[in-house]
Amino acid sequence: MVPSVQASEGSRSVSTGVTLQVNIWYPRPELDSKKLAILLHPWSWLGGNMHEPTLKVLTRLLQHKNYYVIRYNSRGVGKSSGWPSFTGKAEGEDLKALVQEFLAEKPEVDSLTVIGYSYGSLIASLHPVLNPKVKTSHILLSYPISPRGLLTMFHTGMYSLALRDILCNPDARLLLMYGDKDEFTSKSKYDEWVDTLRRTDGLKARFDIIPVMDANHFWQSDGARIALQQAVDSWIS
């Protein structure tokens, strides 16, 4: 039995001036949950939206772990207003605004997990680590390191600095997961990039990397999705 129900499916106007199409799953009140997870979808220019199968798999897992779970369409996607930006900066501000408004409604929440998949992992990395009263974790899946410049109008420095801020924060927790058969970033490129991140000057965060054998960018095979669920389950427990 899934210990939560989809209690909200609609839209939310946020302080950045857009209205976002949002689905929220609430744990049953008697569970006294204090954990929030927010999931970000792949690039909208290639059809990415909040109904991606990989995000649905993670939503079910998080429901079983008694999280509040938010999935939403970014600006210009589905029923969300506005236009997608070319750099991702506006999407990052929308994410921060949505999180802050939910935390204001649920001040008891003391744990935030930001999960980004593909392009969504770029936007997720822009969310800062919150104050120590709200433990902040980032899970970045299929981070598109090779096409990052094309996806962000070559604003790669903004994303490199965002990752550095996370890695150098002693209160941060960061998990990178990728498949060794990713269609957009080779295993050798991932290995090189991860090695660079591990050598970040001032690294203080809890930083974990999980490469998954025979998984592609889209986590399409049953084996890849099982490995994904098991790894995320273990990491957040």
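Placed above this text is the structure.
Remember, it's a predicted structure, so these values are computed and weren't measured experimentally. (Residues numbered from 1 in each chain as written. Predicted model: local features only at pLDDT ≥ 70, side-chain atom pairs only at ≥ 80, totals over all residues. Heavy atoms only, no water.)

Participant: Which parts of the structure should I look at to understand a nonpolar patch on the surface?
Facilitator: Taken together, the side chains of W45, F86 and M153 present a nonpolar region at the surface, about 360 Å² in accessible area. Looking at where M153 falls in the secondary structure, it is placed in the loop between α4 (148-151) and α5 (156-167). (Patch = residues over 30% accessible without salt bridge, like charges linked within 9 Å, V, L, I, M, F, W, Y side chains within 5 Å. Areas by Shrake-Rupley, 256 points an atom, 1.4 Å probe, with all protein chains shown as cover. Salt bridge = Lys/Arg side-chain N within 4 Å of Asp/Glu carboxyl O. Helix = DSSP H or I, 4+ residues; strand = E, 2+ residues; numbered from the N terminus.)

Participant: Help me understand the packing of aromatic side chains, please; the structure alone is not making it clear to me.
Facilitator: Here the distance between the centres and the angle between the planes together describe a pair of aromatic rings. This model, assessed by the stated rule, comprises 10 aromatic pairs. Pairing W45 with F86 gives two aromatic rings, centres 5.7 Å apart and planes at 10°, and the pair type is stacked. Within this pair, whereas W45 is found in the loop between β3 (35-40) and α1 (53-64), its partner F86 is found in the loop between β4 (68-72) and α2 (89-105), the two being separated by 41 residues in sequence. Classification of W45 as partly exposed rests on a relative accessible area of 45%. Overall, the relative accessible area of 52% leaves F86 in the exposed class. Aromatic rings pair up to connect W43, W45, F86 and Y119 into one cluster. The residue whose ring lies beneath R173 is W235, and the NZ or CZ to ring-centre distance is 4.1 Å. (Phe/Tyr/Trp six-rings, centres within 6.5 Å; stacked < 30°, edge-to-face > 60°. Buried < 20%, exposed > 50% of the residue type's maximum accessible area, 1.4 Å probe, protein only. Lys NZ or Arg CZ within 6 Å of the ring centre and 35° of its normal.)

Participant: Looking at this structure, I do not really get the nonpolar core. What am I missing?
Facilitator: Soluble globular proteins tend to bury their nonpolar side chains together. With 49 residues, the main nonpolar core has I38, I70, Y72, L176 and W193 as its most contacted residues. When residues in this core are grouped by element, the largest group, 6 residues, is from α2. Here W193 is in contact with Y143, I145, L163 and L176, once residues within four sequence places are set aside. Core analysis: the second largest hydrophobic core is formed by 24 residues, L61, L175, A231 and W235 among them. (Core = buried A, V, L, I, M, F, W, Y, C linked by side-chain atoms within 4.5 Å. Contact = heavy atoms within 4.5 Å.)

Participant: How should the pattern of salt bridges be read in this particular structure?
Facilitator: When charged atoms on two side chains of opposite charge get close, those side chains can pair. One pass over the full model with this rule turns up 10 salt bridges. Put simply, D214 and K181 hold a salt bridge, and the shortest N to O gap is 3.3 Å. Taken together, the residues span a long stretch of sequence, with D214 in the loop between β8 (206-212) and α7 (222-236) and K181 in the loop between β7 (172-179) and α6 (187-198) at a distance of 33 residues. In this structure K181 comes out as partly exposed when scored by relative accessible area, which is 45%.

Participant: Mind showing me how you'd approach α6 here?
Facilitator: Structural remark: α-helix, 3.6 residues per turn; residues separated by three or four positions point the same way. Taking 1.5 Å per residue, 12 residues should reach 16 Å; α6 reaches 16 Å between its end C-alpha atoms and fits that length. Among all positions of α6, only Y190, W193, V194 and L197 are buried. Viewed end-on, α6 has its buried residues packed into an arc of 100°, placing them on one side of the element. Opposite its buried face, α6 presents the exposed residues S188 and E192, each directed more than 90 degrees away. Contact partners of the buried residues in α6: α5, β7 and β8. (Expected span 1.5 Å × (residues − 1). Arc of directions from axis to C-beta.)

Participant: Is there a simple way to explain α7 in this structure?
Facilitator: In this model, α7 (15 residues) spans 21 Å end to end at C-alpha, consistent with the 21 Å of a helix rising 1.5 Å per residue. Among the residues making up α7, those that are buried are A224, L228, A231, V232, W235 and I236. Mapping the buried residues of α7 onto a view down its axis gives an arc of 115°, with all of them on the same face. In α7, the exposed positions angled more than 90 degrees off the buried face are occupied by D222, Q230 and S234. Close packing links the buried residues of α7 with α1, β6 (135-141), β7 and β8.

Participant: What is the right way to look at the side chain of T200 in this model?
Facilitator: The residue T200 is located in the loop between α6 and β8 in this model. Accessibility expressed as a relative area gives 14% for T200, which makes it buried. Polar contacts involving the side chain of T200 include one to the main-chain carbonyl oxygen of L197, which spans 2.6 Å. Excluding anything up to four places from it in sequence, T200 contacts R164, L167 and C168. (Polar contact = N/O pair within 3.5 Å; in protein donor to acceptor, adjacent residues only side chain to side chain.)

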